[in-house]
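# Structural overview
So the chains spell out like this:
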2 protein chains.
Amino acid sequence: MKILLVGAGGVGDAFAKIIVRRSFYELIVVSDYDLRRAERTVASISAKHGEDVSARFKAVQIDASDPERVAAVALEHGATHVMNAVEPKFVSSIFAGSLAAGADYVDMAMSMSKPHPTDPLAQTGVKLGDEQFAQAADWENTGRLALVGMGVEPGLSDVFARYASDHLFSEIDELGTRDGANLIVRDENGNEIFAPSFSIWTTIEECLNPPVIFERDRGWFTTAPFSEPEMFDFPEGIGPVECVNVEHEEVLLMPRWLEAKRVTFKYGLGEEFIGVLKTLHLLGLDSVEPVRVRAAAGSAMVAPRDVVAACLPDPASIGPRMTGKTCAGVWVTGLGLDGAPREVYLYHVSDNEWTMKEYDAQCVVWQTALNPVIALELLAGGEWGGVGVLGPEAFDAKPFLELMQAPEPAGYGQSWGFQDRLRG
Amino acid sequence: MKILLVGAGGVGDAFAKIIVRRSFYELIVVSDYDLRRAERTVASISAKHGEDVSARFKAVQIDASDPERVAAVALEHGATHVMNAVEPKFVSSIFAGSLAAGADYVDMAMSMSKPHPTDPLAQTGVKLGDEQFAQAADWENTGRLALVGMGVEPGLSDVFARYASDHLFSEIDELGTRDGANLIVRDENGNEIFAPSFSIWTTIEECLNPPVIFERDRGWFTTAPFSEPEMFDFPEGIGPVECVNVEHEEVLLMPRWLEAKRVTFKYGLGEEFIGVLKTLHLLGLDSVEPVRVRAAAGSAMVAPRDVVAACLPDPASIGPRMTGKTCAGVWVTGLGLDGAPREVYLYHVSDNEWTMKEYDAQCVVWQTALNPVIALELLAGGEWGGVGVLGPEAFDAKPFLELMQAPEPAGYGQSWGFQDRLRG
């Protein structure tokens, strides 16, 4: 297996730091628009693991917005797999470039949605991933696999859902992905600061788009942003966090392979973050349409959302100043195998102190990057396989969770949690 | 009297529209950095009042940041008075240019403050107006007058304070300027939108600087932004609005001429606006330090605060879509002339519907521009006079309030209100 990694930002860098400990591949080509970022990732691997290990890594420049360039780089290095680790706006071009190069493809976020033109808060328009699923036949016909939504959420959450469906429930009422954290970032003086642990650009996109919900009797539909707030009690000391509906891939993926009356995604944004997002929207600062602003040289056209991102600390840089844990999981309700009501929460917790010490990566990007590495190892070993455009729940969850949990060096030493909860 | 008006933005334009109805002067030179703006103001006067009237108005170009250029334009037109109607960052240069030209000077906001370098939330640094008062001797020695802070707040508020001190109280506990409104702006479809009625740039500056408070036993000191929130009940249907401490000129002006135990300024920002300002600060979007942002042509350096301003509607343009009233006034507590506890609120209300119909100006800028016109008429008639750097409270309030209240054409037909309130 030869992997072209597109993007050496927070998640791409963590992907490289995780996969370097494994041996199922021959080559990782670390590519970025900014060659120095790719080189920095390879240099950090070389410094930690020595040149023998880092010989399997190469740093190259790439333009992810250009499918031909993606295909050319993939072909040049004989990539068998393309791993997309950049912002979702580049999904289309990397997806097309991979197919053109005859490489399998993995991503962690799917092609973007467009709101319904006249009724955006009730009906779906172009849904997340629609563009990719529309091309499924091209992938099937060439015998290639596109494994989409294979990060932590979507990704591990979908694996958990498949596991619950196969092994824990005879009938499912709701597959509810629930994500919450108790992360705190401090400045040099120890004062708490506002510093999102994930790309603010992507967070704005997913939180301000109308959230999508699936119901078996209704199909997919949308609601107003931040709808149906609910306090969800997260495990391992994180505690209760206010969660709201957010547009997310799980809701589009799970119903394609799993039976459930309802599929939702709620994100534990917390009151402060919701307030910030609402204010950005109120002032038009979430917009990606450029506005004219006075600049050093007369004036410039800039997108307000890019300015917001430029004002905040780079999520990749905040690890050393962050404390706390993040939890990703799926809350499943329905009837157990015995036909009795059942409610479980399947989850994985990532502790920033541990990921920083072990991997020099902050916990949110590390947790995201872990899962595609495991999936690629299963694909390399033949435990997973398929053609077409497939989500994580299209594959057997058991080998994934076993490999994840097995101690190093055989597995990844990552235990996952299971709570049986009483229904309210 | 020949007046050089510097600035034909919202307030300057309203100043011209108000003064055109009066006859105490020979010439108004309307100047702006953008000559077209000055010409537009003169053209609108000509269209409404005819060419005979507008013959007393001239439009010229000026660079308000250059004291020599200000002096040259003043001398060229034989200006006896310079009226500063631009952003406070140009106070220094216009102030110097007026003195150099031997003209009297009027402004509506004073030279800017600088926070205390090490203890900004408790101690004052350079205070509002310090730079101007430091030059008082130059004005006294040349026999010229600089009347500073002569808008509505500061301005009319200071006139009210002088009136209360002279005619209503034997001893004053607090002179508390209180400003509140119930203005609403709608978009083309009638939906309420977020659109501040005054420059967001200036609003951020005054609201996020540490507010200053005066106490007789302590002198001037500062607090954290948005301190001491209080619900203040505004008259004429506006009702209760949450007010917080804000840095404002009244607190620096009133103690120089009036006796009071405490002087404060509170602005009825309301909960939503306070939330917006806090969020802008939290995210660093209030900053005037340029950040690098990707732009059409590679990247650009832009100040986040300029981007916020660019995303919002121009306050000068929202008048037609705005409804409601704004109220400026001073709440005074202490002992009445009879020695018994007394509490009064002296105020002036400006109704947007009326100012749009009568003056084609939105109510906030119109109310600001009204007061320097009245003051100039008093100076022209000799009812007011003096040399040096003086605030509005250095002059007798009675002729001002009488001229303001007298029906047109003798006066300005603007009644002001007076509420006797019980102390809580």
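Source: prediction; values computed, not measured.

Cut-off values and rules
Residues numbered from 1 in each chain as written. Chains lettered and ligands numbered in written order. Predicted model: local features only at pLDDT ≥ 70, side-chain atom pairs only at ≥ 80, totals over all residues. Heavy atoms only, no water. Helix = DSSP H or I, 4+ residues; strand = E, 2+ residues; numbered from the N terminus. Rg over C-alpha atoms; globule rule 2.2 N^0.38 Å. Buried < 20%, exposed > 50% of the residue type's maximum accessible area, 1.4 Å probe, protein only. Contact = heavy atoms within 4.5 Å. Areas by Shrake-Rupley, 256 points an atom, 1.4 Å probe, with all protein chains shown as cover. Lys, Arg positive; Asp, Glu negative; His and termini not counted. Charge placed at Lys NZ, Arg CZ, Asp CG, Glu CD. Domains from an automatic or database assignment. Buried area = accessible area lost by both parts, 1.4 Å probe. Salt bridge = Lys/Arg side-chain N within 4 Å of Asp/Glu carboxyl O. Polar contact = N/O pair within 3.5 Å; in protein donor to acceptor, adjacent residues only side chain to side chain. Arc of directions from axis to C-beta. UniProt positions renumbered as here; feature names shortened; annotations may be inferred. Pairing = 2+ DSSP bridges. Axes fitted to C-alpha atoms, helices over the stretch in contact; angles between N-to-C directions. Phe/Tyr/Trp six-rings, centres within 6.5 Å; stacked < 30°, edge-to-face > 60°. Lys NZ or Arg CZ within 6 Å of the ring centre and 35° of its normal. Core = buried A, V, L, I, M, F, W, Y, C linked by side-chain atoms within 4.5 Å. Least-squares fit on C-alpha atoms with pLDDT ≥ 70 in both.

### With respect to the overall build of chain A
When you go through chain A residue by residue, the secondary structure sums to 15 helices and 21 strands. Taking 424 residues into account, the globule formula puts the C-alpha radius of gyration at 22 Å, and chain A, at 21 Å, falls close to it. Considering only C-alpha atoms, chain A reaches an extent of 55 × 55 × 45 Å along its principal axes. Split into buried and exposed, the 424 residues of chain A put 58% on the buried side. For chain A, restricting intrachain contacts to residue pairs at least 6 apart in sequence, the fraction spanning at least 24 positions comes to 70%. Element-wise, carbon and sulfur atoms account for 50% of the exposed surface of chain A, whose accessible area totals about 16,400 Å². Taken as two groups, the 35 positive and 61 negative side-chain charges of chain A have centres that lie 2 Å from each other.

### Points about the domain arrangement of chain A
Where interface size is quoted, it is often the accessible area lost as the parts come together. All names here are of chain A. We note that the domain assignment places domain 1 (2-151 + 367-405) and domain 2 (156-364) within chain A. Relative to domain 2, the C-alpha centre of domain 1 lies at a distance of 21 Å. With 45 residues of domain 1 at the interface, the matching set in domain 2 holds 42 residues. Carbon and sulfur atoms make up 63% of the area that domain 1 and domain 2 hide from each other, which totals about 3,500 Å². When the buried surface of domain 1 facing domain 2 is broken down by residue, Leu128, Gln367 and Glu393 rank first, second and third, together holding 23% of it. Linking domain 1 with domain 2 are three salt bridges, by the criterion used here. Put simply, Arg21 and Glu358 hold a salt bridge, and the shortest N to O gap is 3.2 Å. For the interface between domain 1 and domain 2, the tally reads 19 residue pairs in polar contact (both at pLDDT 80 or more).

### What to know about helix α13 (residues 352-359) of chain A
Residues and elements named next belong to chain A. All of the buried residues along α13 are Asn352, Thr355, Met356 and Tyr359. Buried residues along α13 cover an arc of 105° about the axis, so they all sit on one side. With respect to the buried face of α13, the exposed residues turned more than 90 degrees away are Glu353 and Lys357. Buried residues along α13 sit in contact with α1 (10-19), α2 (35-49), β17 (322-323), β19 (341-351) and α14 (363-381). Two or three places before Glu353, at the opening of α13, Asp351 has a side-chain oxygen 2.9 Å from that residue's backbone nitrogen. Positioned one or two residues after α13, Asp360 has a phi angle of 55°, which is positive.

### What to know about the UniProt feature "domain: Saccharopine dehydrogenase-like C-terminal" (unreviewed entry) in chain A
Those residues carrying the UniProt feature "domain: Saccharopine dehydrogenase-like C-terminal" (unreviewed entry) are residues 151-405 of chain A in this numbering. The distance from the first to the last C-alpha atom of residues 151-405 of chain A is 17 Å, and the span holds 34% helix and 32% strand.

### Remarks on the environment of Phe273(B)
Here Phe273(B) shows up in helix α11 (residues 270-282). As a C-alpha pair, Phe273(B) and Ser199(B) span 74 residues in sequence and 14 Å in three-dimensional space.

### Observations regarding the pattern of salt bridges
Under the definition given, this model contains 51 salt bridges over all chains. In this structure, Arg162(A) engages Asp166(A) in a salt bridge whose closest nitrogen and oxygen atoms are separated by 2.8 Å. Of this pair, Arg162(A) and Asp166(A) both sit in helix α8 (residues 156-167), four residues apart, which is roughly one turn of the helix. Residue class for Asp166(A) comes out partly exposed when judged on its relative accessible area of 36%. Note that Glu174(B) and Arg262(B) form a salt bridge whose closest N and O atoms lie 3.7 Å from each other. Taken together, the residues span a long stretch of sequence, with Glu174(B) in strand β7 (residues 169-181) and Arg262(B) in strand β14 (residues 262-267) at a distance of 88 residues.

### A short note on the sheet that holds strand β5 (residues 104-106) of chain B
Residue and element names in this part refer to chain B. Pairing is parallel in the open sheet, where seven strands are placed in the order β3-β2-β1-β4-β5-β6-β20. Of all the strands in the sheet, the pair left with one neighbour each is β3 (57-61) and β20 (388-390). Averaged over all adjacent pairs, the angle separating strand axes in this sheet is 20°, with direction ignored. One ladder, built from three bridges, connects strand β6 (residues 145-147) with β20; its direction is parallel. Opposite Ala146, over in β20, you have Val389 as the bridge partner. On the sheet, helix α1 (residues 10-19) packs against β1 (2-6), β2 (27-32), β3 and β4 (81-84) and is oriented at approximately 155° with respect to β1.

### Focus on the interface of chain A and chain B
Contact residues are listed per partner, giving 28 residues for chain A and 27 residues for chain B. Interface area, chain A with chain B, both sides summed: about 2,300 Å², of which 73% is carbon and sulfur. Viewed at the interface, chain B and chain A are joined by three salt bridges. Linking Asp306(A) and Arg294(B) is a salt bridge whose minimum nitrogen-to-oxygen distance equals 3.2 Å.

### Brief notes about the packing of aromatic side chains
Enumeration according to the criterion identifies 42 aromatic pairs over all chains in this entry. Between Phe24(A) and Tyr25(A) the ring centres are 5.3 Å apart and the planes differ by 80°, which places this aromatic pair in the edge-to-face class. Here the aromatic rings of Phe194(A) and Phe273(A) are separated by 5.6 Å at their centres, their planes lie at 40°, and the arrangement is tilted. Within this pair, whereas Phe194(A) is found in the loop between β9 (192-193) and α9 (200-208), its partner Phe273(A) is found in helix α11 (residues 270-282), the two being separated by 79 residues in sequence. For the residue pair Phe194(A) and Phe273(A), the accessibility class agrees, reading buried in each case. Among the aromatic side chains, those forming a connected cluster through ring pairs are Phe232(A), Phe234(A), Trp331(A), Tyr345(A) and Tyr347(A). In this structure, Arg305(A) packs its charged tip against the face of Trp201(A), placed 4.5 Å from the ring centre. Over the aromatic face of Tyr359(B) sits the side chain of Arg21(B), whose NZ or CZ is 4.0 Å from the ring centroid.

### Here's the deal with the nonpolar core
Grouped together as the largest cluster of nonpolar side chains are 199 residues, with contacts concentrated most on Phe400(A) and Phe400(B). In this structure, Phe400(B) is in contact with Met150(B), Leu156(B), Val159(B), Asn371(B), Ile374(B), Ala375(B), Leu378(B) and Trp384(B), ignoring residues within four places of it in sequence.

### Some details on the UniProt feature "domain: Saccharopine dehydrogenase NADP binding" (unreviewed entry) in chain A
Under the UniProt annotation, "domain: Saccharopine dehydrogenase NADP binding" (unreviewed entry) lies at residues 3-146 of chain A. Helix makes up 42% of residues 3-146 of chain A and strand makes up 17%, while its end C-alpha atoms are separated by 14 Å.

### Focus on the relation of the copies chain A and chain B
In screw terms, the move from chain A to chain B is a rotation of 179° and a rise of 0.8 Å along the axis, fitting with an RMSD of 0.5 Å. On the angle and the small slide along the axis, the relation comes out as a two-fold axis. Identified as the residue of chain A closest to the rotation axis by C-alpha distance is Ala300(A), at 3.0 Å. Mapped onto chain B, 96% of the interface residues of chain A again fall at the interface, so both copies present the same surface.

### A few points about unusual backbone geometry
Residue and element names in this part refer to chain A. Looking along the chain, the bond that leaves Glu153 and enters Pro154 is cis, with omega of 0°. Looking at the secondary structure, you find Pro154 in the loop between β6 (145-147) and α8. If you check the backbone angles, Phe226 has positive phi at about 65° while not being a glycine. Tracing the backbone shows Phe226 in the loop between β11 (219-222) and β12 (230-234). Within the chain, Asp360 stands out as a residue other than glycine whose phi angle is a positive 55°. Looking at the secondary structure, you find Asp360 in the loop between α13 and α14.

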